[in-house]
Number of protein chains: 2
Amino acid sequence: MALRTLSAKNAAALDQELMSAGAFSIDQLMELAGLSVSQAVFKLQPLSKGKRILVACGPGNNGGDGLVAARHLFHYGYQPTIYYPKQSKNDLYQRLTTQLRDLRIPFTSDFETALHQTDHIVDAIFGFSFSGEVREPFPKVIQALRDTKLPVLAVDAPSSWNIESGPPDSGPGKGFMPDALISLTAPKPLVKRFKGRHFIGGRFLSPEMAEKYGLDLPKYEGLDQVAEVPAGEGEKL
Amino acid sequence: MALRTLSAKNAAALDQELMSAGAFSIDQLMELAGLSVSQAVFKLQPLSKGKRILVACGPGNNGGDGLVAARHLFHYGYQPTIYYPKQSKNDLYQRLTTQLRDLRIPFTSDFETALHQTDHIVDAIFGFSFSGEVREPFPKVIQALRDTKLPVLAVDAPSSWNIESGPPDSGPGKGFMPDALISLTAPKPLVKRFKGRHFIGGRFLSPEMAEKYGLDLPKYEGLDQVAEVPAGEGEKL
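The following paragraphs examine the structure supplied in this document. Quantities reported herein were computed from a predicted structural model and do not represent experimental measurements.

Calculation notes
For every chain, the first residue of the written sequence is number 1, and numbering continues from 1 along that sequence. Written order determines the labels here, with chains lettered from A and ligands numbered from 1. This being a predicted model, a pLDDT of at least 70 is required before a residue's local features are given, and a value of 80 or more before pairs of side-chain atoms are given or counted; all residues contribute to the totals for chains, interfaces and linings. Values reported for side chains reflect all heavy atoms of the structure, with hydrogen atoms and water molecules removed beforehand. Should DSSP find at least two bridges between two strands, the strands are regarded as paired. We count a stretch as a helix when DSSP gives it H or I for four or more residues in a row; a strand needs E for two or more, and each element gets its number in order from the N terminus. Contacts are residue-level and defined by heavy atoms, with any inter-residue pair within 4.5 Å sufficient. Comment: axis = line fitted to C-alpha atoms, over the contacting stretch for helices; angle = value between 0 and 180 degrees taken between N-to-C directions. Centres within 6.5 Å make a pair out of two Phe, Tyr or Trp rings, where for Trp the six-membered ring is used; the pair is then stacked when the planes are under 30 degrees apart, edge-to-face when over 60, and tilted otherwise. Here the term buried applies to any residue with accessible area under 20% of the maximum for its type, exposed to any over 50%, and partly exposed to those in between, with areas from a 1.4 Å probe on protein chains only. In the analysis that follows, any N or O atom pair within 3.5 Å is treated as a polar contact, provided that within protein one partner can donate a hydrogen and the other can accept it, and provided that, for residues neighboring in sequence, both atoms belong to side chains. Here the copies are superposed with least squares, the fitted atoms being C-alpha atoms of residues at a pLDDT of at least 70 in both. What counts as buried area is the accessible surface, traced by a 1.4 Å probe, that two parts surrender upon association, with contributions from both included. Put simply, a salt bridge is a Lys or Arg side-chain nitrogen that is within 4 Å of an Asp or Glu carboxyl oxygen. Classification used: nonpolar for Ala, Val, Leu, Ile, Met, Phe, Trp, Tyr, Cys and Pro, charged for Asp, Glu, Lys and Arg, polar for all others including Gly. By definition here, a helix of n residues has an expected span of 1.5 Å times n minus one. Should an angle fall under 35 degrees it is called roughly parallel, over 145 degrees roughly antiparallel, and 65 to 115 degrees roughly perpendicular, with every other angle called oblique. Handedness of a crossing follows from how the near helix is turned relative to the far one, being left-handed for an anticlockwise turn of less than a right angle and right-handed for a clockwise one.

Residues and elements named next belong to chain B. Sheet architecture is open: eight strands sit in the order β3-β2-β1-β4-β5-β6-β7-β8, paired in mixed fashion. A strand with exactly one partner marks an edge of an open sheet, and here the two such strands are β3 (107–108) and β8 (226–233). Summarising the sheet, strand β6 (residues 180–184) and strand β7 (residues 195–201) pair through five bridges and their orientation is parallel. Residue pairing in the sheet places Ala 180 in a bridge with Arg 197 of β7. Contacts from helix α3 (residues 61–76) reach β1 (52–57), β2 (79–83), β4 (120–124), β5 (152–155) and β6 within the one sheet, and its direction differs from that of β1 by about 160°.

This is how it looks when you write it as structure tokens:
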């Protein structure tokens, strides 16, 4: 049976509640989110299959999750490269960036070239708060993600997809179907249109919060911060 | 070959540097520290051997690590109970406490009774900043930890041990030798006197910081946030 989903509006409300009544800090939640993303990469792309991971980060929290994931990937033995063209003045993102620079992880502004020098890609450009238009410089990045033969893991949402209705009918993301998706905290309605391997991260959600928001807690194994759930059965675009 | 150790003074300097130049927040570091403690418990005490974990928390950062560990243990399927008699007004510790209360994890003020209703104990009372005297109500708690037949995992230091010289010659901790120790970031000099299973947590330290402080990065496996290193060979007290 498919897991219940969380609308964009409820995802924002849940995040707010985690940080107010739930008493989590954004640092803590982002650390756990990025950790779960890094674990999904590890499961999708064992070190023996190629260590080079290109992490494409957007300007908001989705990009922050990507920055945290890249740090953990380095410590697992991967060679991450970061594409982060719209770096925010936000203190947290700046600190996460410093943590990566201290590991001598390269940042690139040339996505096309980086794409030819990687084994796997993490799409951490836009998350559940995305709506409307894909702004520069991301249209051509999303087109490249759509067209590449390399495996792509999308964080929370394939970038440019509508959180409720899924794949866009036009624009750079038309036809973009990443190989895998990690839903953070809970799947969003777009998963109904997603076809590929599907993971959930969020092994911190209380049973009461899950109940309140009408969510299913997936079955995590052992120490995993990520659970694989039945693959999405949406159409191939 | 034994891992190189970090003096109490250098441990404090390293922590400060991680949070200043290193740009880590205390929330982030404590989340990672507590996560590594929870993973050491999982390795020492598989769920099948008994799920009840008593986490004894002191008033400072060591206690905070215990609070984070307890949350993760709950999500792995354990039944933690918290003994936390000196709750600080510190915002972070209060938030970590709220996170546990939201999971309906019980807090107890009766350590003796709790000790008879658990399978495993985490000693998160004092860490690397401990020196001098054990203050109330901890003397009898440390005596009980010394005398119990149940397995005890100490976080960073067996509580009441001197960080440099190890086991005290007098006082409640005289003769206290926990079964296992997890050293956070790096072992402290006391490990030379410790006898038992030994883990390291701190899979976030950059190679450059390790070099600067003269530390060895242990070999972590897979996604582990904790590495087991050769058992301490100190004398049995």
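Below, the discussion takes up the packing of aromatic side chains. In this structure the tally under the stated criterion is 12 aromatic pairs over all chains. Note on A:Phe126 and A:Phe130: the rings are 4.7 Å apart at their centroids and 25° apart in plane angle, and the pair reads as stacked. Here A:Phe126 matches A:Phe130 in class, with each residue buried. With a centroid separation of 5.7 Å and 55° between ring planes, the pair formed by B:Phe24 and B:Phe204 is classed as tilted.

Attention shifts here to the sheet that holds strand β7 (residues 195–201) of chain A. Residues and elements named next belong to chain A. On the basis of which strands lie adjacent, the open sheet formed by eight strands has the order β3-β2-β1-β4-β5-β6-β7-β8 and mixed pairing. The open sheet terminates on both sides in strands that have one partner only, identified here as β3 (107–108) and β8 (226–233). With six bridges joining them, β7 and β8 adopt antiparallel strand pairing. If you follow Ile 200 over to β8, its bridge partner there is Ala 227. In the packing of helix α3 (residues 61–76) onto the sheet, contacts are made with β1 (52–57), β2 (79–83), β4 (120–124), β5 (152–155) and β6 (180–184), and the angle to β1 comes to roughly 160°.

By secondary structure assignment, the location of A:Gln99 is in helix α4 (residues 91–101). The class of A:Gln99 is buried, set by a relative accessible area of 2%. A polar side-chain atom of A:Gln99 sits 3.0 Å from a polar atom in the side chain of A:Arg71. When near neighbours in sequence (up to four residues on either side) are disregarded, A:Gln99 contacts A:Arg71, B:Gly22, B:Ala23, B:Phe24 and B:Gln28.

This paragraph deals with the relation of the copies chain B and chain A. When chain B is brought onto chain A, the operation consists of a screw motion whose angular component is 180° and whose axial shift is 0.0 Å, with 0.0 Å RMSD remaining. Such a combination of rotation and displacement between the chain copies is what one expects of a two-fold axis. Proximity to the rotation axis, assessed at the C-alpha, singles out B:Gln28 in chain B; its C-alpha lies 2.8 Å from the axis.

What follows deals with the interface of chain B and chain A. Opposite the 33 residues of chain B that make contact, chain A presents 33 residues. The contact between chain B and chain A buries some 3,000 Å² in all, and 58% of this surface belongs to carbon and sulfur atoms. Summed over the shared surface of chain B and chain A, the result is two salt bridges. Along the contact surface separating chain B from chain A lie 16 residue pairs in polar contact (both at pLDDT 80 or more). Elements that contribute at least two residues to the side of chain B that touches chain A include exactly α2 (26–44), α3, α4 (91–101) and α7 (207–212) of chain B. Broken down by element, the side of chain B that touches chain A gets its largest block of residues, seven residues, from α2(B). Here the residues of the side of chain B that touches chain A sort into 14 nonpolar, 11 polar and eight charged.

A separate point is α3(A). Residues and elements named next belong to chain A. The terminal C-alpha atoms of α3 lie 23 Å apart, and with 16 residues this matches the ideal 22 Å at 1.5 Å per residue to within 8%. Burial within α3 is extensive, with 14 of its 16 residues counted as buried. Within two residues after α3, Gly 77 carries a phi angle of roughly 115°, on the positive side.

Now for the packing of helix α2 (residues 26–44) of chain A against α4(A). All names here are of chain A. Two elements in contact, α2 and α4, have axes whose closest approach is 11 Å; the angle formed by their N-to-C orientations is 45°. As the angle between them shows, α2 and α4 are arranged oblique. Two packed elements cross with a definite hand, and for α2 against α4 that hand is right-handed. Facing Ile 26, Asp 27 and Met 30 of α2, the residues of α4 in contact are Leu 92, Tyr 93, Arg 95 and Leu 96. Residues of the contact of α2 with α4, tallied by class, amount to five nonpolar, no polar and two charged.

As a further point, take the side chain of A:Ser183. The residue A:Ser183 is located in strand β6 in this model. According to the relative accessible area criterion, A:Ser183 is buried, its value standing at 0%.

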